[in-house]
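A closer look at the structure
The residues making up each chain are set out below.
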Amino acid sequence: MVEKLPLESLDREELKFSQKHILGIRYLSKNDIEIIIRTGAAFLSVLERRIKTTPALKGRIVVNLFYEPSTRTRTSFETAAKALSASVINISIESSSVQKGESLLDTIKTLEALGADIIIIRHSSPGAANFVAEHFSGSVINAGDGATEHPTQALLDLLAIYMKFGNLNPKKIVIVGDVLNSRVARSHFWLSLKMGWEIGVVCPPTFFPPEMSAAFPWVRHYTDLEEATEDADILMALRIQKERKSGLYYPSDLEYSTFWQIRKNLLSRKKLVLMHPGPVNRGVELCSEAVYSESSIILDQVKAGVALRMGILYLLSGVLSRGSDSS
Ligand code: NCD
């Protein structure tokens, strides 16, 4: 288990954090990433207390603006914001004026007029979070924009890895599955680049086409699970995103699971740590017994998610306060 940093020790670190938004890992420096992980690690201890709240964001308004379905990301952000004593507003597409034709810009301006400080947005359009950041005076967190980035997922994965290994020393991470449609994979590509880690993908060639390989030349593509995991530390499975027509890219679920499904035996034989951002299609990308096997840190990812998001909200609120102090 990693050393838990007391919250009081954060002040010096926090002062060095200057990002106003979390739009993508590609905009963060290694130093930003390490500050976020250290801050998230400090909040793990708050979550182990019987009273899991701190007043850090009291008086702040945090809006969860979700235009795509989500269970864990939305509830994780909500839990994190409430644990920091923020007021939380949840807006989902089904119940918003978007159904009446309101534009994203008008929604943002309305939320700003209501006094929102931080907007967390999930949207199917690439660049939606950047658009919000351009038009909103507070901070914006990208909770997934199309297949572009999902930065807090990659960062919470890094915190879960830190909890497991006790350090952030270079590792080899291999991602298996529907890389093509995955914003989680793309955020991990950037994260490995920034951290100086080795990263590979293992999937049918249709899931890692030449244009994607050209965009991320530091990512090694394998088609064979045995070869890909040769000297890997972490194996991360991705959901086959059927709603994005992933089924067209491989012949059948049976064919997919024969070649690329992660089985318990592989994990124990190669001493791999198993991760998955969820939700899992049991029996497709993972065999059922692997999900909560000894190798799996899937539930630690969920736990790390709340602490990591508390850390991010805390850091952004610090940046917002400094901005308003100086204005
Ligand atoms: C992922 C997402 O929505 O990008 N899930 C998540 O946020 N935990 C991946 C997925 O939907 O498969």
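Preceding block: the structure.
**Observations concerning the site of the ligand**
Neighbouring the ligand are Arg72, Thr73, Arg122, His150, Gln153, Arg183, Val184, Arg239, Gln241, Pro277, Gly278 and Pro279. Here Thr73 contributes a side-chain N or O atom positioned 3.0 Å from an oxygen atom of the ligand. Contact distances for the ligand include 2.7 Å between an oxygen atom and a side-chain N or O atom of Arg183. Within the residue set of the shell around the ligand, elements represented by two or more residues are α3 (72–83) and α7 (183–195).

**Some remarks on helix α6 (residues 151–165)**
Taking 1.5 Å as the rise per residue, α6 with 15 residues should run 21 Å; its terminal C-alpha atoms sit 21 Å apart, in good agreement. The buried count for α6 comes to 13 of 15 residues, which makes it a mostly enclosed element. Phi turns positive one or two residues past the end of α6, at Gly166, with a value near 80°.

**Some points on the packing of helix α4 (residues 104–113) against helix α5 (residues 128–135)**
With their axes 10 Å apart at the nearest point, α4 and α5 run at an angle of 45° to one another. Relative to α5, the element α4 lies oblique. The two elements α4 and α5 cross, and the hand of that crossing is right-handed. Across the interface between the two elements, Leu104, Leu105, Ile108, Lys109 and Glu112 from α4 touch Phe131, Val132 and His135 from α5.

**Focus on the sheet that holds strand β4 (residues 139–145)**
Spatially, β2-β1-β3-β4 is the arrangement adopted by the 4 strands of the open sheet, whose pairing is parallel. Only two strands of the sheet have a single partner each, and these edge strands are β2 (87–92) and β4. Ignoring strand direction, the axes of neighbouring strands in this sheet form an average angle of 15°. Alignment of strand β1 (residues 61–66) against β2, held across 6 bridges, turns out to be parallel. Looking at the pairing, Val62 lines up with Val88 of β2.

**Here we look at the side chain of Thr73**
Relative to the assigned elements, Thr73 resides in helix α3. When sequence neighbours within four positions are dropped, the list of residues in contact with Thr73 reads Phe66, Arg122, Ala143, His150 and Arg309.

**Focus: the pattern of salt bridges**
Under the defined criterion, the tally for this structure stands at 12 salt bridges. One salt bridge connects Arg60 with Asp117, and the closest N-O pair in it is separated by 3.2 Å. Placement of Arg60 in the loop between α2 (30–47) and β1 and of Asp117 in the loop between α4 and β3 (118–123) is noted, with a sequence separation of 57 residues between them. For the pair Arg60 and Asp117, a shared accessibility class is recorded, and that class is buried. A salt bridge links Glu78 to Arg74, with the nearest nitrogen and oxygen atoms 3.0 Å apart. With Glu78 and Arg74 both in helix α3, this residue pair falls 4 residues apart, about one helical turn. The class for Glu78 is buried, based on a relative accessible area of 16%. Exposure remark for Arg74: the relative accessible area of 22% places this residue in the partly exposed category. Salt bridges here are not isolated pairs; linked through shared partners, they connect Glu226, Glu230, Arg269 and Lys270.

**What to know about the packing of α2 against α6**
To describe two helices that pack against each other, one gives the angle between their axes and the distance between the axes. Interhelical geometry of α2 versus α6 gives an angle of 65° and a closest axis separation of 10 Å. Regarding α2 and α6, the two cross each other, and that crossing is right-handed. Residue-level contacts link Ile33, Ile36, Ile37, Gly40, Ala41 and Leu44 of α2 to Leu155, Leu158, Leu159, Tyr162 and Met163 of α6. Looking at the contact of α2 with α6, its residues break down into 10 nonpolar, 1 polar and no charged.

**Regarding the packing of aromatic side chains**
Summed over the entire model, instances satisfying the criterion amount to 8 aromatic pairs. Relative to Trp260, the ring of Tyr256 lies with its centre 5.7 Å away and its plane at 35°, an arrangement referred to as tilted. Taken together, the positions of Tyr256 and Trp260, both in helix α10 (residues 253–260) and 4 residues apart, correspond to about one turn of that helix. For the pair Tyr256 and Trp260, a shared accessibility class is recorded, and that class is buried. With 5.6 Å between their ring centres and 50° between their planes, Phe259 and Trp260 make a pair best called tilted.

**Overview of the nonpolar core**
Core analysis: the biggest nonpolar cluster contains 96 residues, and Leu159, Val179, Phe189 and Leu313 have the highest contact counts within it. Discounting residues that sit within four places of it in the chain, Phe189 has contacts with Ile175, Val179, Ile199, Val201, Phe208, Met212, Phe216, Trp218 and Val219. Membership of the second largest hydrophobic core comes to 16 residues, among which are Leu23, Val63, Ile91 and Val132.

**A look at unusual backbone geometry**
Each neighbour pair has its own omega, and for Gly278 with Pro279 the value is -10°, a cis peptide bond. Positive phi outside glycine occurs at Lys271, with the angle close to 50°. Checked against the element boundaries, Lys271 lands in the loop between α11 (264–269) and β9 (273–275). Judged by its relative accessible area of 71%, Lys271 falls in the exposed class.

Rules used throughout
Residues numbered from 1 in each chain as written. Predicted model: local features only at pLDDT ≥ 70, side-chain atom pairs only at ≥ 80, totals over all residues. Heavy atoms only, no water. Near = heavy atom within 4 Å. Polar contact = N/O pair within 3.5 Å; in protein donor to acceptor, adjacent residues only side chain to side chain. Helix = DSSP H or I, 4+ residues; strand = E, 2+ residues; numbered from the N terminus. Expected span 1.5 Å × (residues − 1). Buried < 20%, exposed > 50% of the residue type's maximum accessible area, 1.4 Å probe, protein only. Axes fitted to C-alpha atoms, helices over the stretch in contact; angles between N-to-C directions. Parallel < 35°, antiparallel > 145°, perpendicular 65-115°, else oblique. Left-handed = near helix turned anticlockwise from the far one by under 90°. Contact = heavy atoms within 4.5 Å. Pairing = 2+ DSSP bridges. Salt bridge = Lys/Arg side-chain N within 4 Å of Asp/Glu carboxyl O. Nonpolar A, V, L, I, M, F, W, Y, C, P; charged D, E, K, R; others polar. Phe/Tyr/Trp six-rings, centres within 6.5 Å; stacked < 30°, edge-to-face > 60°. Core = buried A, V, L, I, M, F, W, Y, C linked by side-chain atoms within 4.5 Å.

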